[in-house]
Every structure is written in C-alpha cells, then in structure tokens.
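Survey of secondary and tertiary structure
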Amino acid sequence: MAAFGHSSSSRGATRSPTASLLDKPEKRSLNWKRVLQLMISAAFISGVLAFAPRIMDWLNQPIARVEVHSGFEHQSRQDVEKALEPMLQARFFSLDLESMQEALLGLPWVKEASVRKQWPDSVMVNLEERQAIARWGKHRLISNEGVVFEPNSLEGFSDVPVLAGADESAEEVMQQYLAVGQLLRPIGLRLKALTRKDSGSWSFVIGHVQVNIGRDRQMERLQRFTRLYHTRLESRWSEVDRVDLRYLNGAAVAWRKKAAADAGL
C-alpha cells in the first residue's frame, strides 16, 4: 500500500506543459450586439409604459354622437335620448350596451332594440316600435301581439276599439277581437268594444248595440248573429239596444224604444 502511494505522488510531481495549459480558464468576449438589443428593448418598453395612459386616453374617447334608426311614429326621439343620457357619460370602452338596451326596452312604444359601438366616439341604435291595434281599458293600449302597455299619451287613439279583460288574458282577447272583426267586416259592421269577463263570457259593442255571446260555442253564435242581422235587424238597426245570443237556437233582442222586449225570434 505504501509503494502504491509513493508511485502516485511521484507522477503528480512531474506534470507536462500541455496539461498545465489546459487547466487555465478560457476567456470569452462580451456580445455587445446582444447587449445593445436588450438596452433598446428595455428603452422601448419603458417608453410604452410611460405613454400608455395617454394612448389609452386617446383611444377611449368620450361619446360624441348617437345615431338612432327608427320610424318614430309614436315614440319620441327626446324620450330615447333621455333614457340613454345617464349611460352616455361613460367613455367608449366603458359603455354598458346591455344596460342601454334594457333602458330602451323600458320605453312603452319600443318592441325591439339593439345598440352597438362604432369607434372612435359613436353609438348606433336601432329601434322597432309596437303596433297598437286597440285600447286596453281606459289608459293603456294593446299591440297586435297581445302585449299591453301604457304610453305617455293616448292622443290619436280615441276612435280605436276598446278591449277589456284580465291582463293575463290579453292575448286571447286580442285574438278574439281579430276573429270577430273579420266576421263582421263583410256585413259592414265595426267593433267598438270587446269584453271578456272573469267568468269567460264574451260581449261586444257595435255602434250603440251591445251583443252578448256567452262563453260557449262562440263562433256558432257569431254566425247566428250575422244571419239575424241580414234577415231581421239590418233595416231596424237604429232601434236595437241589445242582442242576447246565449240561447240554444235563437236570440233575444231588446229594442231601444221599450224597456225590455222580445222580438219573437
């Protein structure tokens, strides 16, 4: 063991010049091109960060123009502008389009509404108005889709028919109104009012005459009324006060010149 150790020590003492050179660390030159690229990138990023608020402020413009596409037959432009005004205080990127749409749909005459932004400073609005076909009670209107709504004014609707019933039956009443009107139009009669009672019974008014058709076999009774009008009532229509069709096969007529009388029909 001692000899093995001596021999090893002796070899270590006589190192070759070549081995000595290999043990020295190699010197590397600095990559100045890469350093310059990093410095330019850092300067660019710093510049962008410094000017970012100003750039965003320029991009995020206040709203300067609102363009509304609508026929404006009943809903006024002033009401549309008033509904949108609180939300237009926000800048372009902060606009809440959903809230704007909900505000427009809250206007009585607006059936559908769409809102979109157009950079840099515009809002585009498209509106579709409801089509009112009759009054609903004293202060409201009903659309051709059976939607009851209350406009700011009923001006221009004083001569349209008046429909009445529970609000939940509005669509049914509207459909009945269209059906009855279609049946009466060929004989020259026009509905003035139509009512559905809570019991489900129906009545309508033509001019000064009230007609009761009850709750069952409504179309059958309406057809009976048209035949009765043609054969017996047309020539004396100004004398008729009420017509009651709630009978199996006949009708009762109350005349205006009598308190109550049966025409013998």
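Above this note sits the structure.
Before going into details, it helps to say that this report is about the structure given with it. A quick note: this is a predicted structure, and the numbers were derived from the prediction, not measured.

So, the pattern of salt bridges
- Enumeration over the complete set of coordinates arrives at 10 salt bridges.
- Across the pair Arg65 and Glu67 runs a salt bridge, and its minimum N-O distance is 2.7 Å.
- Glu67 sits in the partly exposed class, given a relative accessible area of 25%.
- Residue Arg224 pairs with Glu220 through a salt bridge whose shortest N-O separation is 3.7 Å.

Observations regarding the nonpolar core
- Judged by nonpolar contacts, the single largest core of 32 residues is most densely connected at Leu184, Phe204, Phe225, Leu233 and Val243.
- Put simply, the parts of the chain that give this core at least two residues each are strand 4 (132–136), helix 6 (170–184), strand 9 (202–206), strand 10 (209–214), helix 7 (218–233), strand 11 (240–244) and strand 12 (252–255).
- Broken down by element, this core gets its largest block of residues, six residues, from helix 6.
- Non-local contacts of Val243, meaning those with residues more than four positions away in its chain, are made with Val209, Gln210, Val211, Asn212, Phe225, Leu228, Leu233, Ala252 and Val253.
- Counting residues in each nonpolar core, the second largest holds 18 residues, with Val68, Met87, Met100 and Leu107 among its members.

Some remarks on the sheet that holds strand 3 (residues 122–129)
- Strand order in the open sheet made by the three strands is 1-3-2, with mixed pairing throughout. Whereas interior strands pair on both sides, the edge strands pair on one side only; in this sheet they are strand 1 (65–69) and strand 2 (110–118). Across the sheet, the axes of successive neighbouring strands diverge by a mean angle of 20°, strand direction being ignored.
- Sheet contacts for helix 5 (residues 97–105): strand 2 and strand 3; angle to strand 2, the most-contacted strand, approximately 155°.

So, the sheet that holds strand 4
- Strands sit in the order 6-5-4-7-8-9-10-11-12 across an open sheet of nine strands; the sheet is mixed. Looking at strand neighbours, the two that pair on one side only are strand 6 (148–149) and strand 12, the edges of this open sheet.
- The pairing of strand 11 with strand 12 spans four bridges and is antiparallel. Note on strand 12: the bridge partner recorded for Val240 is Trp255.
- In the packing of helix 6 onto the sheet, contacts are made with strand 4, strand 5 (140–143), strand 6, strand 7 (162–164), strand 8 (193–196), strand 9 and strand 10, and the angle to strand 9 comes to roughly 50°.

Observations regarding the environment of Ile206
- Note that Ile206 resides in strand 9.
- Taking the C-alpha atoms as reference, Ile206 lies 9.9 Å from Arg242; in sequence the two are 36 residues apart.
- Residue contacts for Ile206: discarding those within four places in its chain leaves Leu184, Leu189, Arg190, Leu191, Phe225 and Trp237.

Some thoughts on the environment of Ala134
- Residue position: Ala134 is located in strand 4.
- When the C-alpha atoms of Ala134 and Pro161 are compared, they prove to be 5.2 Å apart, with 27 residues separating the residues in sequence.
- Sequence-distant contacts of Ala134, defined by excluding residues within four places in its chain, comprise Leu141, Ile142, Val160, Pro161 and Leu163.

Considering unusual backbone geometry
- For the bond running from Trp119 to Pro120, omega is 15°, close enough to zero to count as cis.
- Checked against the element boundaries, Pro120 lands in the loop between strand 2 and strand 3.
- Even without a glycine there, the phi angle at Phe72 is positive, about 50°.
- Phi at Arg217 takes a positive value of approximately 45°, unusual for a residue other than glycine.
- Secondary-structure assignment places Arg217 in the loop between strand 10 and helix 7.

Quick word on the side chain of Asp244
- Within the secondary structure layout, Asp244 lies in strand 11.
- Looking at Asp244, its side chain comes within polar contact range of the side chain of Arg246, at 2.9 Å.
- Leaving out residues up to four positions away in the same chain, Asp244 has contacts with Asn212, Ala251 and Ala252.

What to know about the pairing of strand 9
- Counted residue by residue, strand 9 has four buried out of five residues, so it is predominantly covered.
- Two strands pair when backbone bridges link them, and strand 8 and strand 9 are joined in this way by four bridges, in the antiparallel orientation. What sits directly across from Leu194, in strand 9, is Phe204.
- Hairpin connection between strand 8 and strand 9: a loop of five residues separates the two successive antiparallel strands, and Gly200 in this loop has a positive phi of roughly 95°.
- For strand 9 and strand 10, the ladder comprises five bridges, and the chain directions are antiparallel. Among the inter-strand pairings, Trp202 is bridged to a residue of strand 10, identified as Gly214.
- Where strand 9 folds back on strand 10, the antiparallel hairpin that results is connected by two residues, among which Gly207 adopts a positive phi of roughly 65°.

What counts and what doesn't
Residues numbered from 1 in each chain as written. Predicted model: local features only at pLDDT ≥ 70, side-chain atom pairs only at ≥ 80, totals over all residues. Heavy atoms only, no water. Salt bridge = Lys/Arg side-chain N within 4 Å of Asp/Glu carboxyl O. Buried < 20%, exposed > 50% of the residue type's maximum accessible area, 1.4 Å probe, protein only. Core = buried A, V, L, I, M, F, W, Y, C linked by side-chain atoms within 4.5 Å. Helix = DSSP H or I, 4+ residues; strand = E, 2+ residues; numbered from the N terminus. Contact = heavy atoms within 4.5 Å. Pairing = 2+ DSSP bridges. Axes fitted to C-alpha atoms, helices over the stretch in contact; angles between N-to-C directions. Polar contact = N/O pair within 3.5 Å; in protein donor to acceptor, adjacent residues only side chain to side chain.

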